[in-house]
Protein chains: 4
Amino acid sequence: MITVSIVGASGYTGRELIKILLKHPQVKIAHLTSETYKGKRISELHKGPAGFIDKRFEKLNIDKVAQDSDLIFLALPHGKSQKPVAEFFKKGKKVIDLSADYRLKDKSLYKRWYGLEHSYPRLLQRAVYGLPEIYKEEIKNSSLVANPGCYPTGVILGVAPLLAHGLGDGNSIIADAKSGVSGAGRRLDSAYYFSECHENLTAYNVGKHRHIPEIEQELSKISKEKITISFTPHLVPMDRGILSTIYLNFEGKVSLDRIWTVYKKYYRKAPFVKILPKATFPEVKNIVETNFCEIGLMVDKRTNRIIIITTIDNLVKGASGQAVQNMNLMFGFKETEGLL
Amino acid sequence: MITVSIVGASGYTGRELIKILLKHPQVKIAHLTSETYKGKRISELHKGPAGFIDKRFEKLNIDKVAQDSDLIFLALPHGKSQKPVAEFFKKGKKVIDLSADYRLKDKSLYKRWYGLEHSYPRLLQRAVYGLPEIYKEEIKNSSLVANPGCYPTGVILGVAPLLAHGLGDGNSIIADAKSGVSGAGRRLDSAYYFSECHENLTAYNVGKHRHIPEIEQELSKISKEKITISFTPHLVPMDRGILSTIYLNFEGKVSLDRIWTVYKKYYRKAPFVKILPKATFPEVKNIVETNFCEIGLMVDKRTNRIIIITTIDNLVKGASGQAVQNMNLMFGFKETEGLL
Amino acid sequence: MITVSIVGASGYTGRELIKILLKHPQVKIAHLTSETYKGKRISELHKGPAGFIDKRFEKLNIDKVAQDSDLIFLALPHGKSQKPVAEFFKKGKKVIDLSADYRLKDKSLYKRWYGLEHSYPRLLQRAVYGLPEIYKEEIKNSSLVANPGCYPTGVILGVAPLLAHGLGDGNSIIADAKSGVSGAGRRLDSAYYFSECHENLTAYNVGKHRHIPEIEQELSKISKEKITISFTPHLVPMDRGILSTIYLNFEGKVSLDRIWTVYKKYYRKAPFVKILPKATFPEVKNIVETNFCEIGLMVDKRTNRIIIITTIDNLVKGASGQAVQNMNLMFGFKETEGLL
Amino acid sequence: MITVSIVGASGYTGRELIKILLKHPQVKIAHLTSETYKGKRISELHKGPAGFIDKRFEKLNIDKVAQDSDLIFLALPHGKSQKPVAEFFKKGKKVIDLSADYRLKDKSLYKRWYGLEHSYPRLLQRAVYGLPEIYKEEIKNSSLVANPGCYPTGVILGVAPLLAHGLGDGNSIIADAKSGVSGAGRRLDSAYYFSECHENLTAYNVGKHRHIPEIEQELSKISKEKITISFTPHLVPMDRGILSTIYLNFEGKVSLDRIWTVYKKYYRKAPFVKILPKATFPEVKNIVETNFCEIGLMVDKRTNRIIIITTIDNLVKGASGQAVQNMNLMFGFKETEGLL
């Protein structure tokens, strides 16, 4: 039994984290902080089961949170996490950061894409990228996990087996991703109004989304060469879920049987990745409110392309569920504890 | 003032056609046929303004419809249109066929993708592909127009200017299209239930959709070389609209300025195509219930790709609105009559 | 041909007004004002056809707007309309005010429900309540029309024929109304976010909604006795439309035939009210984007209640369409001009 | 640990039951039957976690199911349950029937509202109405539980405390209920298509819904006088959830404080009923995918009415969750086991 706190618990990510942790048999929640909503009852803001906790948002007090917690989750906006993560880490606490602040190893990339200096470059090197299907052992031994972005989770899981086996041309990757509106979080922006999103569909940040360097960093590591990709996110009128349609060229002959076997083997120890039967494709509905990633595969011989379609719930496997999966690994719990 | 009839008027396409024609100042509706709903009041089936017509569905009587109509629209399922189109044509009537039956010039392609023999191969050669932005003069002089499919309209309009100018590699085209549920029509299939589509998202017919040969036929004509494309349709939880995200590789240097100017010029006489300001992208909401196609353009120098995003309303520019645009051209009305 | 301006043209009501007026053959638009968006292109804010106007939002200049306009529509928030309405009126202009500022004849009621003093109580008496089905002649001769609220339109039209004939107990009226989210307008409030409204349903302002005194004022006038009603509004996850389910007790025997005939007769000259066949009920989809009000009637003999269900589009018959209907009457155009 | 089977497991109710039971620590699933889908994998039909069971639908074999099960849930269409319930009961099995077949004590009422004879009138008398908040002791000792309908659950829980205390006029009750589309089940009917339900809202079976006699039977029992109510169901464009707005007249003075205290006390041992703070109202989102019923209360002194608003998830507290709650009581498990 461990005690955890959530710093920045008022957003959708915080809400999902509370909801999952309330059902986790090994966890007790100590503090839930929010600068915006401090003093307010959780249940006044968080609809549904996450509101079934009798606590109030508190102003962040680093010392108090550190003292009362074995693990701290931070679900703060990008840029706001740098300092508290460093402080908790210095106090010897285990930390899982759900922001982008500790994901990019190269601080110049962080500056270019996020417009911010990184004040803790050495700590950056100690952070482990929290994608358990790829870094399970590192996560087990880590005190600082940088929880992946939602889009990167869906895209990286979709192509990692190919790149790890040198199959297909990594630099031909086009990832066309479609996300539900909860991915935008709770920011006050009229673009996310019901009357604006409903019966609408749009692409955004075309070729410029901040998840691009994160995806490229990880794909480059896996394939051991520099990978550059096209990535286009879209906003779809649903609340939750991401479906990523990924295209990749291959030379010569590649059979679907071969590819499918590679994926099955690569993910044989990954309890949350499901490889669908050949040439069948996932639906968002199957994985909403779960920590699963479903993957469908197809080889298009007309165009010499492999088409991979992956689905995740952006708030679970794309954020809070994955954070709990990382917690399970860091504390030696069963990887699926609280997540099935 | 002309008199028109709609054969197969009970589907969503028929409904939209009625709705548009009721507002068209040059048109009177004679017959509306439906084998399934014959005898039923239009208003019992068609919700909204299309129901504001005091008529009943009739069983199709070729002679009677031909006698009373200057033009016949056919909105029948694929395969069902071959014969009545031929019969109306033989009687000297003008015909706009909204099915796929007269779109593919190569009857062996029709057989391969639709599983049917074509019984009127000579008539196939006389049909004009009804995309007014490309075949305006041919349509004006035609008696038989094969109205394009919804996905092909969005994709062809998106890349025609590039291919016509030999810009980019036509065989690198990947079209990732997302459609509202009305595109599935009124077929009785539990896949299109509210509880199945809502909060869901899925790809379907990956690499196998019947609109592929139609798109390839037209792109090959425009580029004067054989084009093979990747095309992936998706089902999005909204009623109407298609957004197509199209990727195309280029060699050497291509500036967005240049591309944008090419598009503006190519569509300078196309009243329903809007080229958006550079590096801005269309939203489905802007064109729903209109006959417009909006196009956004971007050049991604990191990956040497041109990204084109187009939006149409699948039931208007993707079907019934385009049919009326074709009618306007065939009868010498203003191209935009009844459509603004 | 008249020239009109819209003061406060950036909201959803303003957007619909622009959209309708652009198709109206007798109207030219002069000025569109918005304090928040002044200088911005209309098309940058208003999605869809309303954005197809090549104008920018201007800061309000009373003199200039008055000089260039035969009629001014005001679509400002409640409280903000009092003064400009008075100024335009003083300059001899015709005015249609879409806010609540000139709807309540009793300024103490205005103060109680809106928390504001009314500075123009005499002008209040000159304003005509713009429900054409009831005040057609007064509207024709008026220079100042107070356009009804959306809920009051649906409820008043639903029970006026009964109260005018002394049928049923006016003080037993319960109106349970359900509205789409666009009714909330474009206010920046996280309650109207997609992720909050979608897959949700709630009642709000139970027994306290500001439309209650407006409904009671009008029902009392029609029935010539003081009427008090129960009114409960609900927020439904759709963009547009209001469905009002209204219950009213009767004593003795009342047949549906009798009631139905009363409604048909009462609305025989009302081109936008449709009485549905006996014991059939309206759907929102039938009237969305139209100026129609559909009414379904039932007599429940088990409970001695008449049940009336009405539907309107909150942005059309409940706001901008009704305003144009009023304009048509004020200027001697055909009542349905631009609205069919 | 008990073993259960579900007869008629292919509908939405069956799906939710599987999903809940898979997480229940005291239950093992033996058979899942479906005449329509026999032989098909559960995961091919049931999207989401309910599909995470490695079983196939079987044809119903009464002997085999009885032999292998301690308890049988029946989720068959109305009329189809009569016989198998009787057979399982005769074999000494515990049974929870989710259809309406054993809910109405008066077989003539069953005939009038369902159009069917009841072949097991004596068994009807032995069935306990499975609303645990009212019949907890009877359920504990029962072998045959008739699980309540979804609308009755929301309405009865909403007014039971008042009627039990003789507060207000039971015969003035008007229940205006709004349900998500999943309430219609998986019947093949084009009325429940996405394109028909989305952006739509309608009332149906006004004054004629089959849940009326069920509600009246139970309210009459509670109040010890014959109660007749008005009940109007509506179809709302969301997947899950019912919100019921209930109006009831009172004579003399009734304070909200008094009413609220009555409710708190009445439900003090009901773990799934939440009485909200005075004059605040529930939202569907708060209880979706949970077994909770939330109740908001208001006294409207202007009209001498009590307004009660309740929310439930139609598939959980309105069906499968309540069935599991009943199972927990019948087998001596904790009432909330598997449901929190």
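Definitions and cut-offs
- Residues numbered from 1 in each chain as written.
- Chains lettered and ligands numbered in written order.
- Predicted model: local features only at pLDDT ≥ 70, side-chain atom pairs only at ≥ 80, totals over all residues.
- Heavy atoms only, no water.
- Axes fitted to C-alpha atoms, helices over the stretch in contact; angles between N-to-C directions.
- Helix = DSSP H or I, 4+ residues; strand = E, 2+ residues; numbered from the N terminus.
- Parallel < 35°, antiparallel > 145°, perpendicular 65-115°, else oblique.
- Left-handed = near helix turned anticlockwise from the far one by under 90°.
- Contact = heavy atoms within 4.5 Å.
- Nonpolar A, V, L, I, M, F, W, Y, C, P; charged D, E, K, R; others polar.
- Buried < 20%, exposed > 50% of the residue type's maximum accessible area, 1.4 Å probe, protein only.
- Least-squares fit on C-alpha atoms with pLDDT ≥ 70 in both.
- Arc of directions from axis to C-beta.
- pLDDT = per-residue confidence, 0-100.
- Pairing = 2+ DSSP bridges.
- Phe/Tyr/Trp six-rings, centres within 6.5 Å; stacked < 30°, edge-to-face > 60°.
- Lys NZ or Arg CZ within 6 Å of the ring centre and 35° of its normal.
- Domains from an automatic or database assignment.
- Buried area = accessible area lost by both parts, 1.4 Å probe.
- Salt bridge = Lys/Arg side-chain N within 4 Å of Asp/Glu carboxyl O.
- Polar contact = N/O pair within 3.5 Å; in protein donor to acceptor, adjacent residues only side chain to side chain.
- Right-handed = clockwise from strand over helix to strand, strands pointing away.

Colleague: Please explain the packing of helix α8 (residues 150–164) of chain D against helix α10 (residues 211–223) of chain D as it appears in this structure.
Modeller: Two packed helices can be described by the angle between their axes and the distance between those axes. All names here are of chain D. The contact between α8 and α10 brings their axes to 10 Å, and the two run at 20 degrees. One element, α8, and the other, α10, form an angle in the roughly parallel class. The handedness of the crossing between α8 and α10 comes out as right-handed. Across the interface between the two elements, C150, Y151, P152, V155, I156, V159, A160, L163 and A164 from α8 touch H211, E214, I215, E218, L219, I222 and S223 from α10. Tallied by class, the residues present in the contact of α8 with α10 amount to twelve nonpolar, two polar and two charged.

Colleague: For this particular structure, what's the right way to read the environment of F88 of chain D?
Modeller: All names here are of chain D. Relative to the helices and strands, F88 resides in helix α4 (residues 82–90). According to the relative accessible area criterion, F88 is buried, its value standing at 0%. The spacing of F88 and Q67 is 21 residues in sequence and 9.9 Å in space, taken between C-alpha atoms. Apart from the residues within four sequence positions on either side, F88 is in contact with V7, L60, I62, V65, A66, I72, L74, K93 and V95.

Colleague: What should I look at first to understand the relation of the copies chain B and chain A in this one?
Modeller: Two chain copies, one operation linking them: a rotation about an axis together with a shift along it. Of the transformation placing chain B onto chain A, the axial shift is 0.0 Å and the rotation is 180 degrees, giving an RMSD of 0.0 Å. Each copy turns onto its partner about a two-fold axis. Across chain B, the rotation axis passes nearest the C-alpha of P237 of chain B, at a separation of 3.2 Å. A share of 100% of interface residues in chain B that are also interface residues in chain A marks the association as one of identical surfaces.

Colleague: Explain helix α11 (residues 256–266) of chain A here, please?
Modeller: Residue and element names in this part refer to chain A. Looking at α11, one finds that the buried residues are L256, I259, W260, V262 and Y263. The arc that holds the buried residues of α11, viewed along the axis, is 155 degrees, so those residues lie on one side. Residues of α11 that are buried in the fold lie against α8 (150–164), β11 (273–275), β12 (293–300) and β13 (305–312).

Colleague: How should I be thinking about the confidence of the model for chain A in this particular structure?
Modeller: Close inspection of predicted coordinates is inappropriate for parts of the model with low pLDDT. Summary statistics for chain A give a mean pLDDT of 96 and a share of 100% for residues scoring 70 or more. Taken over the whole predicted complex, pTM reads 0.96, whereas the ipTM for its chain interfaces reads 0.96.

Colleague: So what exactly am I meant to see when it comes to the sheet that holds strand β10 (residues 242–249) of chain B here?
Modeller: Sheet strands line up and pair through hydrogen bonds in the backbone, either parallel or antiparallel. Residue and element names in this part refer to chain B. Strand order across the open sheet formed by seven strands is β8-β9-β7-β10-β13-β12-β11, with mixed pairing between neighbours. The two strands at the open ends of the sheet, each matched to only one other strand, are β8 (202–203) and β11 (273–275). Looking at chain direction, β10 and strand β13 (residues 305–312) are connected through eight bridges and run antiparallel. Pairing of L243 across the sheet is with T311, part of β13. This element, helix α11 (residues 256–266), spans β11, β12 (293–300) and β13 of the sheet and lies at about 160 degrees to β12.

Colleague: Sorry, what's going on with the packing of aromatic side chains here?
Modeller: For any pair of aromatic rings, the description consists of the separation of the ring centres together with the inter-plane angle of the planes. A complete count under the given rule lists 36 aromatic pairs over all chains for this structure. Taking the centre distance of 6.4 Å and the plane angle of 85 degrees together, the rings of Y129 of chain A and Y135 of chain A count as edge-to-face. Accessibility expressed as a relative area gives 4% for Y129 of chain A, which makes it buried. Each ring, one from F194 of chain B and one from F194 of chain D, has its centre 5.7 Å from the other, and the planes form 15 degrees; the classification is stacked. Separated into two different chains, F194 of chain B in helix α9 (residues 194–197) and F194 of chain D in helix α9 (residues 194–197) make up a pair that spans both. These aromatic residues form a ring-pair network of at least three members: F52 of chain A together with F272 and F292 of chain D. Sitting above the plane of the W260 of chain A ring, K278 of chain A keeps its charged end 4.8 Å from the centroid.

Colleague: Sorry if this is basic, but what is going on with the relation of the copies chain D and chain A here?
Modeller: The transformation that overlays chain D on chain A combines an axial shift of 0.0 Å with a rotation of 180 degrees, and the residual RMSD is 0.0 Å. Interface overlap between copies is the fraction of interface residues in one copy that are interface residues in the other; for chain D against chain A it reaches 100%, indicating a shared surface.

Colleague: Looking at this structure, how should I read the domain arrangement of chain A?
Modeller: The extent of an interface is frequently quoted as the accessible surface area lost upon association of the parts. Residues and elements named next belong to chain A. Annotation of chain A at the domain level lists domain 1 (2–126) and domain 2 (150–314). Taking only C-alpha atoms into account, the centre of domain 1 sits 26 Å from that of domain 2. Of the roughly 1300 Å² buried between domain 1 and domain 2, counting both surfaces, carbon and sulfur atoms make up 50%. The largest contributions to the domain 1 side of the interface with domain 2 come from Y12, R103 and W113, which together make up 47% of the buried area. Taken together, the connections running from domain 1 to domain 2 amount to three salt bridges. Put simply, R103 and E214 hold a salt bridge, and the shortest N to O gap is 3.0 Å. Inspection of the domain 1/domain 2 interface yields six residue pairs in polar contact (both at pLDDT 80 or more). In terms of residue count, the dominant contributor to the side of domain 1 that touches domain 2 is helix α1 (residues 12–23) (four residues). When the residues that make up the side of domain 1 that touches domain 2 are grouped by side-chain class, the tally is six nonpolar, three polar and six charged.

Colleague: What is the right way to look at the pairing of strand β2 (residues 27–33) of chain B in this model?
Modeller: Regular strands show a simple pattern: their side chains alternate between the two faces of the sheet. Residue and element names in this part refer to chain B. Burial analysis of β2 places six of its seven residues in the buried class, which makes it a mostly covered element. In this sheet, β2 lies alongside strand β1 (residues 2–7) in parallel orientation, the contact comprising five bridges. Across the sheet, the residue bridging to I2 is V27, located in β2. Viewed along the sheet, the connection from β1 through helix α1 (residues 12–23) into β2 turns out right-handed.

Colleague: Hey, could you run me through the interface of chain D and chain A in this one?
Modeller: Contact with chain D, which involves 16 residues of that partner, is made by 16 residues of chain A. For the pairing of chain D and chain A, the buried interface totals around 1400 Å² over both sides, and the portion due to carbon and sulfur atoms is 57%. When the buried area of chain D at its contact with chain A is split by residue, K47, F52 and N286 of chain D rank highest and sum to 35% of it. The interface formed by chain D and chain A holds two salt bridges in total. Between K47 of chain A and E283 of chain D there is a salt bridge; the shortest N-O distance is 2.8 Å. Inspection of the region where chain D meets chain A yields seven residue pairs in polar contact (both at pLDDT 80 or more). Of the residues contributing to the side of chain D that touches chain A, the split by class is four nonpolar, four polar and eight charged.

Colleague: What should I look at first to understand the pattern of salt bridges in this one?
Modeller: Side-chain pairing between opposite charges can occur once the charged atoms of the two side chains come close. All names here are of chain A. If you walk through the whole model with that rule in mind, you get 87 salt bridges over all chains. A salt bridge links E16 to R240; its shortest N-O distance comes to 2.9 Å. Separated by 224 residues along the polypeptide, E16 in helix α1 and R240 in the loop between β9 (230–235) and β10 (242–249) bring together distant segments of the chain. Of the two residues, E16 and R240, neither departs from the other in class, the shared state being buried. Here E117 and K111 are joined by a salt bridge, their closest N and O atoms 2.7 Å apart. Given a relative accessible area of 48%, E117 falls into the partly exposed group. Residues joined by salt bridges that share partners form a network here, namely R15, E16, K19, R240, E289 and D313.

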